[in-house]
Amino acid sequence: MKTGMIGLGAMGLGMARRVASAGYLTAVYNRTASKAQDLAEELKVTACLQPEDLAALVDLVLICVSADEDVLEMITAISKSIKPGSIVVDMSTVSSDTAKKAATMLAEKQVAFLDAPVSGGVEGAKNGSLSMMVGGDADVLEQARPVLASMTTRITHMGATGSGQATKAVNQIIVAGINQAVTEALAFAQAHSLPMDKVIDVISAGAAGNWFLQHRGLTMTNGTFTPGFKVALHHKDLKICQAMADQVKVPIPLSVGQQPNRCAE
């Protein structure tokens, strides 16, 4: 299955390399053309100047961009040239409503759509160890599964279109709470002059152990903030969670109270 990747940011870059290593990647597109060109030369694939050029070359289009409007912009563009029978898998984090809009737009072109956001961070994208939550037709997922498996260690079909994004919203609510608790707890530990490396090691082995503490604890306490997943994007995700919660009248006070925090970067 010839595959194209749209979006080569912190997550997309690692995912594209994993798809290429499995032998599926044919073409890449990024708004910053030089980034696509550099990766294309590295992976020996085609760099496309427009998303519609990419769509015309492949059977499966993967999308990983930042925001709802970006997803719909890409869907509009690829709709001009995508072949009937193709599959589009959006791995961005957007609202369920946006996923449903994208699916409707592509259905008019006889193209299948899956909303398939991921969790696992930049490390997961690089190492092919992401967890993917998928909304859409189960049979379509099975067609795309070999390609998606190159980036993941777990792929779970959640239900109809939009359910993948709803599940990712659950993930982002949990992550926000954990991040806030970890940064608060580490500040408390530091104020008590505890050996931070030992604190992180022993806590990680117990009931309070979590991904954020294990992967970000030491770097935060050492004052190292290597760019990864941007805090601004998580804040954007929480605004999506807030809107989705309002639709079903479920209070999410912890998430609504979250503000961008450099410690979570």
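The structure this text deals with has already been given above.
Bear in mind the structure is a predicted one, so any value in this text is a computation, not a measurement.

Reading the values: the criteria
- Residues numbered from 1 in each chain as written.
- Predicted model: local features only at pLDDT ≥ 70, side-chain atom pairs only at ≥ 80, totals over all residues.
- Heavy atoms only, no water.
- Axes fitted to C-alpha atoms, helices over the stretch in contact; angles between N-to-C directions.
- Helix = DSSP H or I, 4+ residues; strand = E, 2+ residues; numbered from the N terminus.
- Parallel < 35°, antiparallel > 145°, perpendicular 65-115°, else oblique.
- Left-handed = near helix turned anticlockwise from the far one by under 90°.
- Contact = heavy atoms within 4.5 Å.
- Nonpolar A, V, L, I, M, F, W, Y, C, P; charged D, E, K, R; others polar.
- Core = buried A, V, L, I, M, F, W, Y, C linked by side-chain atoms within 4.5 Å.
- Buried < 20%, exposed > 50% of the residue type's maximum accessible area, 1.4 Å probe, protein only.
- Salt bridge = Lys/Arg side-chain N within 4 Å of Asp/Glu carboxyl O.
- Expected span 1.5 Å × (residues − 1).
- Pairing = 2+ DSSP bridges.
- Right-handed = clockwise from strand over helix to strand, strands pointing away.
- Arc of directions from axis to C-beta.
- Polar contact = N/O pair within 3.5 Å; in protein donor to acceptor, adjacent residues only side chain to side chain.

**Q** Describe in detail the packing of helix H8 (residues 163–191) against helix H10 (residues 211–221), supporting the description with residues and values.
**A** Interhelical geometry of H8 versus H10 gives an angle of 40° and a closest axis separation of 11 Å. Relative to H10, H8 is oriented oblique. For the crossing formed where H8 meets H10, the hand is right-handed. Side by side, H8 and H10 meet where Ile178, Asn179, Val182, Thr183, Leu186 and Gln190 of the first sit next to Phe212, Leu213, Gly217, Met220 and Thr221 of the second. For the contact of H8 with H10, the residue count by class is six nonpolar, five polar and no charged.

**Q** Talk me through the nonpolar core; I want residue IDs and the actual numbers.
**A** Membership of the largest hydrophobic core comes to 33 residues, with the highest contact counts inside it found for Met5, Met15, Val28, Leu62, Val89, Met132 and Leu148. If you list the elements that add at least two residues to this core, you get helix H1 (10–21), strand S2 (25–29), helix H2 (33–43), strand S4 (60–63), strand S5 (87–90), strand S8 (130–135) and helix H7 (138–149). Sequence-distant contacts of Leu148, that is, excluding residues within four places in its chain, are made with Leu62, Val89, Met132, Leu141 and Ile155. Counting residues in hydrophobic clusters, the runner-up holds 23 residues, among them Val65, Ala102, Ala103 and Leu106.

**Q** So what about the pattern of salt bridges? Which residues, and what values?
**A** Applying the stated rule across the entire model yields eight salt bridges. For Lys83, the salt bridge is made with Asp59, and the minimal N-O distance between the two is 3.7 Å. Here Asp59 lies in the loop between helix H3 (51–57) and S4 and Lys83 lies in the loop between helix H4 (68–78) and S5, a separation of 24 residues in the sequence. Of the residues examined, Lys83 reaches a relative accessible area of 32% and is grouped as partly exposed. Looking at Asp59, the relative accessible area reads 30%, which means it is partly exposed. Connected through shared salt-bridge partners, Arg31, Asp70 and Glu73 make up one network.

**Q** Outline H8, listing residues and values.
**A** Its 29 residues place the ends of H8 43 Å apart at the C-alpha level, agreeing with the 42 Å of an ideal helix rising 1.5 Å per residue. Just downstream of H8, Ser193 is the residue with a positive phi angle, here 60°.

**Q** Now, about the pairing of strand S1 (residues 3–6): what can you tell me, with residues and values included?
**A** The two faces of S1 match: Thr3 and Met5 on one face and Gly4 and Ile6 on the other face are all buried. Two elements, S1 and S2, share four bridges in a ladder whose sense is parallel. Paired with Met5 across the two strands is Val28, which belongs to S2. Taken together, S1, H1 and S2 form a β-α-β motif whose crossover is right-handed. With four bridges joining them, S1 and S4 adopt parallel strand pairing. Each residue of the ladder has a partner; that of Thr3, found in S4, is Leu60.

**Q** Got a sec to walk through the pairing of S5? Specific residues and values, please.
**A** Alternating positions in S5 separate into two faces, Ile87 and Val89 on one and Val88 and Asp90 on the other, with burial throughout. Across four bridges, S4 lies against S5 in parallel orientation. Bridge pairing links Leu60 to Ile87 in S5. The handedness of the S4 to S5 crossover, carried by H4, is right-handed.

**Q** Describe helix H5 (residues 96–107), and please don't skip the residues or the numbers.
**A** Its twelve residues give H5 an end-to-end C-alpha distance of 16 Å, which sits within 8% of 16 Å, the value for a rise of 1.5 Å per residue. Taken together, the buried positions of H5 are Ser96, Thr98, Ala99, Ala102, Ala103 and Leu106. Taken down its axis, H5 places every buried residue within 160° of arc, on the same side.

**Q** Now, about the environment of Thr3: what can you tell me, with residues and values included?
**A** Structurally, Thr3 can be placed in strand S1. Spatially, the C-alpha atoms of Thr3 and Gly162 are 23 Å apart, while their sequence positions differ by 159 residues. Setting aside residues up to four positions removed in sequence, Thr3 forms contacts with Val19, Tyr24, Leu25, Thr26, Ala27, Val58, Leu60, Leu62 and Val147. Here Met1 takes part through its backbone oxygen, which lies 3.1 Å from a polar atom of the side chain of Thr3.

**Q** Run through unusual backbone geometry, naming residues and quoting values.
**A** Positive phi values are uncommon outside glycine, yet Lys44 reaches one of about 60°. Mapped onto the elements of the fold, Lys44 is located in the loop between H2 and strand S3 (46–47). Of note in the backbone geometry, Gln110 takes a positive phi value of approximately 55° without being a glycine. By relative accessible area, Gln110 is classed as exposed at 53%.

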